[in-house]
Amino acid sequence: MQESELPEGRLREAARSSRIGAPILAVEGVSLSFGGVRALADVSFDVREHEIRAIIGPNGAGKSSMLNVINGVYHPQQGTIRYLGRTHHDMDSHEVAQSGIARTFQNLALFKGMTVLENIMTGRTLKMRSSLLLQALRIGPALREEIEHRTVVENIIDFLEIQAYRKTPVGRLPYGLQKRVDLARALAMEPRVLLLDEPMAGMNVEEKQDMCRFILDVNDQFGTTIVLIEHDMSVVMDISDRVVVLDYGKKIGDGTPDEVRANQAVIEAYLGVSH
Amino acid sequence: MSEINSDRDTFPKLLEHHAKVRGDRPALREKDLGIWQTWTWRDYADEVRALACGLAGQGFKRGDHLAVVGDNRPRLYAAMCAAQCLGGIATPLYQDAVAAEMAFPIQNAEIEHALVEDQEQVDKLLEILPKCPTLKHIYYDDPRGLRHYGQRELMGYEKLLEIGRESLRRDAAFLETEIAKGAGGDTAAMFFTSGTTGTPKGVVLTHAALIDRAKAAAEMEHLTDTDVVLAYLPPAWIGQNIFSYAQPLVSGYSICCPESAETVMSDMREIGPTYYFGPPRVFEALLTQVTIRMEDASRAKRWLYRRFMDLAQRVGGALLDGKPVGAVDRLLYRVGDLLLYGPLRNVLGMSRVRIAYTAGEAIGPDLFRFYRSIGINLKQLYGSTETSVFVCIQPDGQVKADTVGPAVKGVELRFTPERELLIRSPGLFKEYYKNPQATMEAKDPQGWFHTGDAGFVDADGHLKIIDRVKDVGRLSDGTLFAPKYLENKLKFFPYIKEAVAFGHSRDRVCAFINMDMEAVGNWAEKRNLPYAGYVDLASRDEVYDLIRECVEKVNADLSAEPELAGSQIQRFLVLHKELDPDDGELTRTRKVRRGHIADRYASLVDALYAGAATVHVEAQVRYEDGRTGTVSADVKVRDAKVFPPAAVRKAA
């Protein structure tokens, strides 16, 4: 009976922390500049398997750049990314995706004219084996394969509760739902690590709560490791296991939400200091 | 009284019968992962057998109540039947109730076993667990999100099924004896009434009562095993349960469970049900959607719609009733059917509907006529939880907008001098659970059930309900005041979602209006009227003008009816928030709780009668997750024009 008196949140936390494993992704001394602009300066941190890891910071802190570095879109001038024990600093984004890292985008990069279902199906591209010709004709192995992919996609549609919009063109959906479709497409890759770029940006409170619940569920159900960039501190503190704080391209804090919240440098970066 | 075969006098026996007679025909369908999955009658029976043995293995005994909480899911219906196999009582609870509301039924029925749909329901039950010491076992269907729940009370549906299959293999005879022990007089199910007044009451219904009524209606409508029903309303409401549990087991027709609450419209189009049931608000919402979309259509289409709808209003109903109609109109209607009515029925998902019922509340006559005019056989029925639904049904060809039809076979009707309707029928409830006081008040020693509804039987033998006996009032000058009648008239306008009329013992009639956010929002957008949200839009002068026009049209209508001309609405206000069951303003079946609203918004009622132009109001609201907050606003009060009675002979 004692267990039932614990609030659900704490139960969850306790159960999850026992699941968190060894580091699978490590960023080591990464520096990135665009001409004279220093986007990242000697940033190091690691991400453990199954955890929800947040990167926060004020506008222009270098959060999205950090994600783009992990993602292989930008190549850092210094430092390395270690993923699953392998070190790399110039994988392109295609290779990164193939190695099991998926991402969503801050400004949504969906195919607006295509339906929700079709958009999520595009997330399966990397898993499709049959030739383009067979796929176009939808015969034999291609058809079987499509049915398999469709099953995975339907499971994700069910998981994210977007059944009602299966056949709706994405461009006609409200923003909060488009974000969910973006997440669905990333999940369709069945990633090991999921990078979320401001999943809650521009949402109202209810949509934010929904998204938090989905992020926690994805982490819980599929064991996906999640790296999350977020602007909204309160949201991050609620769902993350550990938080990295960036400010002007430098790491100014790293630790559990409670530790970060108490960190003087973080408070100053967010609230400003009186001079 | 319709005859009941003694080897088919309980629901489990009926299920076994169907599994034998039509084992390969569909019994239940559920859309899962985008595909309609079918359970045949044989699958249904197999599942129920395993589940019953599983429950027995967990200590479920004869006479125990099984709480079933969730949306329409085949597994939850199977659970109801499994409980009945063991001589238990299926007790469906409202799935959208907040945790606190669930505590009462569980304590009241001393429920030990509950089978619920998902994490949401599990969380609610765990929350009230300390208050419900009897609750020992919670089974859940969907394991999502429950992986780390360590509570001893919890068990997955699959696990329960496995235990059942195992014991079924060991001892198959056990269940057969248990099923055979059941008799028609046993209690089959308990439904908690929505509680318009006071705490909910558990209505105890026997197998015999439910089967008798389901059978009487099925015979009257010639239901067969090819009929199809979409189950989309809360299964805890008898209005859904009788159509998706009792009647299919009697008639052998199949039911379909939609994918989610949001997909009902498209699922309905895919399934094409032949037998349909909905409370008036559902029909209202559908019509509102059609009206909004027609307003957005091109001019030519709007013209076509208006022309053909006029024709349909004139002759559509008569055609459906088989009354004589001129050859030209007949031909024109045929053209209209091709161009408009057919496609419209298709959009509504009602192309194959043979019989559609509405009940639960009075339906606006214009709304009712709309569906009949486009060729949908919409009929009214009258009944309640206490009467196993079917008391009166309008027979084909004798459908009138303002009555609910003659009594169904086996039902006797009577009236008290106060015009209260009394009913005696084999479908009556046994008692209110553990509430002999209430049972005695509702059911007299001669077996007449006091409905609390006021009405009379008209010249054709059709029952006509005016209002609740306690709600029919009089203004201080003695003019008749039937609030529900006024409210229904107001609610027919697409812009008005709910209305609450006041006037009993007062000198004039005033009303609260709840605007329909979808319709008014759409209207505002088309006029480039900016607004920040519900509260802001509701307080706009433009919206007040729009609502005033509606109120004045109702007044004009009322002025034509001598008895009611004196109860025209003189002042009204537009409420700043939507009336909500979570705040106790509506019942779970979305009926207005007039008394509660009058208390809660006493300051608004005072303002209506005091003549103030605006009033400040603060109200507590309860969010879906159970937290509370306050909404405050300045609400305006406006006058509406009153028309002189049209008839020369003024009511004395």
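Residues numbered from 1 in each chain as written. Chains lettered and ligands numbered in written order. Predicted model: local features only at pLDDT ≥ 70, side-chain atom pairs only at ≥ 80, totals over all residues.

**A closer look at the overall build of chain B**
Then step 1. Helix and strand counts for chain B stand at 21 helices and 27 strands.
Then step 2. Here the C-alpha radius of gyration of chain B, 26 Å, is about what a compact globule of 652 residues would show, namely 26 Å.
Then step 3. For chain B, the spread of C-alpha atoms along the principal axes amounts to about 80 × 60 × 55 Å.
Then step 4. Expressed as a percentage of the 652 residues in chain B, the buried residues total 48%.
Then step 5. Sequence-distant contacts, at least 24 apart, represent 66% of the contacts inside chain B between residues at least 6 apart. (Helix = DSSP H or I, 4+ residues; strand = E, 2+ residues; numbered from the N terminus. Rg over C-alpha atoms; globule rule 2.2 N^0.38 Å. Buried ≥ 20, exposed ≤ 12 C-beta atoms within 10 Å, placed from the backbone. Contact = placed C-beta atoms within 7 Å.)

**Quick word on the overall build of chain A**
Then step 1. Secondary structure summary: chain A contains 12 helices and 10 strands in total.
Then step 2. The C-alpha atoms of chain A give a radius of gyration of 20 Å, which matches the 19 Å a tight globule of 275 residues would have.
Then step 3. Considered along the principal axes of its C-alpha atoms, chain A spans approximately 70 × 55 × 35 Å.
Then step 4. Within the span of chain A, comprising 275 residues, buried residues form 36% of the whole.
Then step 5. Long-range pairs, those at least 24 residues apart, make up 68% of the contacts in chain A with a sequence separation of at least 6.

**A look at the pairing of strand S5 (residues 113-116) of chain B**
Residues and elements named next belong to chain B.
Then step 1. Side-chain alternation along S5 places His113 and Leu115 on one buried face and Ala114 and Val116 on a second face that is also buried.
Then step 2. The sheet contact formed by strand S3 (residues 65-69) and S5 spans four bridges and is parallel. By the bridge assignment for S5, Leu66 is matched with His113.
Then step 3. Two elements, S5 and strand S6 (residues 137-140), share four bridges in a ladder whose sense is parallel. In the sheet register, Val116 faces S6, and the bridge partner there is Tyr140. (Pairing = 2+ DSSP bridges.)

**As for the pairing of strand S27 (residues 628-639) of chain B**
All names here are of chain B.
Then step 1. Where strand S25 (residues 569-574) meets S27, three bridges bridge the pair, whose relative direction is antiparallel. Directly across from Phe572, in S27, lies its bridge partner Arg638.
Then step 2. Both strand S26 (residues 614-622) and S27 contribute to a ladder of nine bridges, which runs antiparallel. Each residue of the ladder has a partner; that of His616, found in S27, is Asp634.
Then step 3. Hairpin connection of S26 to S27: five residues between the antiparallel strands, including Gly626 at a positive phi of 100°.

**What about helix H19 (residues 541-559) of chain B?**
Residues and elements named next belong to chain B.
Then step 1. Given a rise of 1.5 Å per residue, 19 residues ought to cover 27 Å, and the 26 Å separating the end C-alpha atoms of H19 matches this to within 8%.
Then step 2. What H19 keeps buried is the set Val543, Leu546, Ile547, Cys550, Val551, Val554, Asn555 and Leu558.
Then step 3. In the core, the buried residues of H19 are packed alongside helix H16 (483-491), strand S23 (496-502), strand S24 (509-515), helix H17 (517-526), helix H18 (534-538) and S25. (Expected span 1.5 Å × (residues − 1).)

**Focus: helix H11 (residues 280-295) of chain B**
Residue and element names in this part refer to chain B.
Then step 1. Spanning 16 residues, H11 covers 22 Å between terminal C-alpha atoms, matching the ideal 22 Å at 1.5 Å per step.
Then step 2. Among the residues of H11, Pro280, Phe283, Glu284 and Leu286 are the ones counted as buried. Along H11, the residues classed as buried sweep out an arc of 165° about the axis, all on the same side. (Arc of directions from axis to C-beta.)

**Concerning the interface of chain B and chain A**
Then step 1. Every contact between the two is made by 15 residues of chain B and, on the other side, 17 residues of chain A.
Then step 2. Across the side of chain B that touches chain A, the residue classes tally to three nonpolar, seven polar and five charged. (Nonpolar A, V, L, I, M, F, W, Y, C, P; charged D, E, K, R; others polar.)

**Describing the sheet that holds strand S1 (residues 26-32) of chain B**
Residues and elements named next belong to chain B.
Then step 1. The four strands are arranged S2-S1-S11-S10 in an open sheet whose pairing can be described as mixed. Of all strands in the sheet, those with a lone pairing partner are strand S2 (35-40) and strand S10 (228-230), marking the two edges. Taken pair by pair, the neighbouring strands of this sheet meet at an average axis angle of 20°, ignoring direction.
Then step 2. Pairing of S1 with S2 involves six bridges; the strand directions are antiparallel. If you follow Pro26 over to S2, its bridge partner there is Thr40.
Then step 3. Lying over the sheet, helix H10 (residues 264-271) contacts S1, S10 and strand S11 (254-257), oriented at roughly 175° with respect to S10. (Axes fitted to C-alpha atoms, helices over the stretch in contact; angles between N-to-C directions.)

**What to know about the nonpolar core**
Then step 1. Counting residues in each nonpolar core, the largest one holds 193 residues, and the members touching the most others are Ala511, Ile513 and Ile547 of chain B.
Then step 2. Among the elements that take part in this core, helix H2 (residues 41-57) of chain B stands out by supplying 10 residues, more than any other.
Then step 3. Contacts of Ile513 of chain B, omitting those with residues within four sequence positions, involve Leu490, Ile496, Ala499, Ile547, Phe572, Leu573, Val574 and Leu575 of chain B.
Then step 4. Residues Val43, Leu67, Leu117 and Val193 of chain A belong to the second largest nonpolar core, which totals 64 residues. (Core = buried A, V, L, I, M, F, W, Y, C linked by C-beta atoms within 7 Å.)

**Looking at the domain arrangement of chain B**
Accessible area lost upon the coming together of the parts serves often as the stated size of an interface.
Residue and element names in this part refer to chain B.
Then step 1. The domain boundaries assigned to chain B delineate domain 1 (6-269), domain 2 (278-412 + 453-468) and domain 3 (473-639).
Then step 2. The C-alpha-based centres of domain 2 and domain 3 are spaced at 27 Å.
Then step 3. Each side of the interface is counted separately: domain 2 has 14 residues, and domain 3 has 16 residues.
Then step 4. Elements with a minimum of two residues in the side of domain 2 that touches domain 3: H11, helix H14 (365-373) and strand S20 (463-468).
Then step 5. It is H11 that contributes the most residues to the side of domain 2 that touches domain 3, five residues altogether.
Then step 6. In the side of domain 2 that touches domain 3, the residues fall into five nonpolar, four polar and five charged. (Domains from an automatic or database assignment.)

**A word on the confidence of the model for chain A**
Then step 1. Of all residues in chain A, 91% have pLDDT values of 70 or greater, and the mean over the chain is 85.
Then step 2. A low-confidence stretch, residues 1-11 of chain A (pLDDT under 50), is modelled with nine contacts involving residues beyond four sequence positions or located in other chains. (pLDDT = per-residue confidence, 0-100.)

**Thoughts on the sheet that holds strand S19 (residues 449-457) of chain B**
Residues and elements named next belong to chain B.
Then step 1. Taken together, four strands build an open sheet; the order of strands is S16-S17-S19-S20 and the sheet is antiparallel. The open sheet terminates on both sides in strands that have one partner only, identified here as strand S16 (412-415) and S20. Neighbour-to-neighbour, the strand axes of this sheet turn through a mean angle of 50°, independent of strand direction.

**Topic: unusual backbone geometry**
Residues and elements named next belong to chain A.
Then step 1. The phi torsion at Glu198 lies on the positive side, around 45°, for a residue other than glycine.
Then step 2. Position of Glu198 relative to the elements: it lies in the loop between strand S7 (193-197) and helix H9 (205-222).
Then step 3. Residue Tyr248 is not a glycine yet carries a positive backbone phi of 45°.
Then step 4. For Tyr248, the location among the structural elements is in the loop between strand S9 (242-247) and strand S10 (250-255).

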